[in-house]
Amino acid sequence: MNAPKKHLQEDEVEALMHELELHKLELHVQHAQLQRTEIELGEARDRYFDLFDLAPIAYLTVDRSALIVEANFAAATLLGCLSAPLIGKRLAPFMVAAAAEDLAIFHDSLFQSGASKSCQLMLQQRGAQPIPVRLLGIAPANRAGQQVHASIAIVDLSAISRAQEQLAVQKAQIRRTEDRLASFMAATNDCVLILSSEGLITSVNPPTLALLGFSEERVIGRHIDTLDHGTTPRITDEVTSSEVVWHDHSGFAHTVHLSISPIQSADGPVEFLCTAQDITEHKEAEERLRQSERLLRQMAETIEDGFYIREFPGGNLSYVSPAYEQIFGRSREDFYSDPDLSMALVHPDDVSGLTSAYECFVKGDPCDEQYRILRSAGEVRWIRERAFLVEEDAGKVERIVGIAQ
């Protein structure tokens, strides 16, 4: 017999409907959560793609057997292989043969220690020279505490290596330059100083210390202006030169010819090379010469005999005394503009003999000649002329000095 059907009461039906509505709401909430989780997973997958596959550094993952299980685009590019064909391959064939043992030790150490490790190897690229690379890796444990995979980053060191080589070349050039500068500073008799961009003395050579009479400790760090009480010209990016006065430890004033040149770099002058020559004796000699010339001029312009100075060779007159003008009846401007005027005034009958005497004179014979000259209006005068060769220190004749009566 069939059991009689049980009729639900109205309140039981309402309770059942309420449970169904709650269950439906829970399913709706769970569905929304699943959708959000799916979106988050998609975003995480995109971030992983950006961080891993599109990373500028080569990344790959290997298992305990040293097989590649993941590789990004940078790794595929660096190893010269598409990403997919890398999967399941070993990293060792991409390295030079000599690096196989070091790579194996690096791989084993990742899984043995669990700490980050690194090593530097040579990567063999197709059709190119091997390049240096650095491997940085770690084998983290998963949730089960097992080390299943190791993550490895491969850093191309070729650019760094080239930069280091260039830096080594530049350092070698700098050392050679510094050695040459040191040799120059030690060998030259001139004063040489190195100045900072602010004008502070950073290096000096022995002649500088000898001239100033100071120890190196008293000079280094001083401003160049302190040597001449602020008369040094302003330091600029251009070469400058001037005469200044340096005072030594005793207060004696040395006149020096100072030249300051910038030592250029890519960003402008970083230091300045300062050279100085002590010209005190030269300046004193110039002053004595000027005094002697003034005295000579005073004497020449007061004596009655005619006096002249003629440059040799060339024959140009550099000085004619007033008495010489009076004797020959022509102005000194006439003699300066026409060096041959004296011979042009000689009597025609005496020109030949005077010319022969002059030729013997310039060869070293004494000159004491008498001859006639024709002044204006046909006036004839007898002249006695004595001439002397003036030689420089090296024995070379510089000028002729003559006296006419």
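As shown above, the structure is provided for reference.
Reading the values: rules and limits
Residues numbered from 1 in each chain as written. Predicted model: local features only at pLDDT ≥ 70, side-chain atom pairs only at ≥ 80, totals over all residues. Heavy atoms only, no water. Buried < 20%, exposed > 50% of the residue type's maximum accessible area, 1.4 Å probe, protein only. Helix = DSSP H or I, 4+ residues; strand = E, 2+ residues; numbered from the N terminus. Pairing = 2+ DSSP bridges. Expected span 1.5 Å × (residues − 1). Contact = heavy atoms within 4.5 Å. Patch = residues over 30% accessible without salt bridge, like charges linked within 9 Å, V, L, I, M, F, W, Y side chains within 5 Å. Areas by Shrake-Rupley, 256 points an atom, 1.4 Å probe, with all protein chains shown as cover. Salt bridge = Lys/Arg side-chain N within 4 Å of Asp/Glu carboxyl O. Axes fitted to C-alpha atoms, helices over the stretch in contact; angles between N-to-C directions. Lys, Arg positive; Asp, Glu negative; His and termini not counted. Charge placed at Lys NZ, Arg CZ, Asp CG, Glu CD.

Draft legend 1. View of the pairing of strand 1 (residues 58–63). When you tally the buried positions in strand 1, you get 5 out of 6 residues, the bulk of the element. Pairing between strand 1 and strand 5 (residues 149–156): 6 bridges, direction antiparallel. Pairing of Ala58 across the sheet is with Ile154, part of strand 5. By the bridge criterion, 3 bridges tie strand 1 to strand 2 (residues 68–71) in an arrangement that is antiparallel. Counted as the bridge partner of Leu60 is Ala71 from strand 2. Count of turn residues in the strand 1/strand 2 antiparallel hairpin: 4 residues, of which Ala66 carries a positive phi of about 70°.

Draft legend 2. Region of interest: helix 5 (residues 158–187). For helix 5, with 30 residues, the first-to-last C-alpha span of 43 Å sits near the 44 Å given by 1.5 Å per residue. Looking at helix 5, one finds that the buried residues are Ser158, Ala172 and Met185. Contacts made by the buried residues of helix 5 are with strand 4 (131–138), strand 5, strand 6 (191–196), strand 7 (201–204) and helix 6 (206–212).

Draft legend 3. Up close: a nonpolar patch on the surface. Together, Val13, Leu16, Met17 and Leu20 give the surface a local cluster of nonpolar side chains, amounting to about 350 Å² of exposed area. The topology assignment puts Met17 in helix 1 (residues 10–53).

Draft legend 4. Representation of the sheet that holds strand 1 in the model. Spatial strand order, 2-1-5-4-3: 5 strands in an open sheet with antiparallel pairing. Edge positions in the open sheet fall to strand 2 and strand 3 (117–123), since each of these has one partner strand only. Put simply, the sheet's adjacent strands are angled 25° from each other on average, direction ignored. Its contacts with the sheet place helix 4 (residues 100–113) against strand 1, strand 3, strand 4 and strand 5, and it is angled at close to 160° to strand 3.

Draft legend 5. Quick peek at a positive patch on the surface. A cluster of basic residues, Lys171, Arg175, Arg176 and Arg180, forms a positive patch at the surface. For Lys171, the position within the fold is in helix 5.

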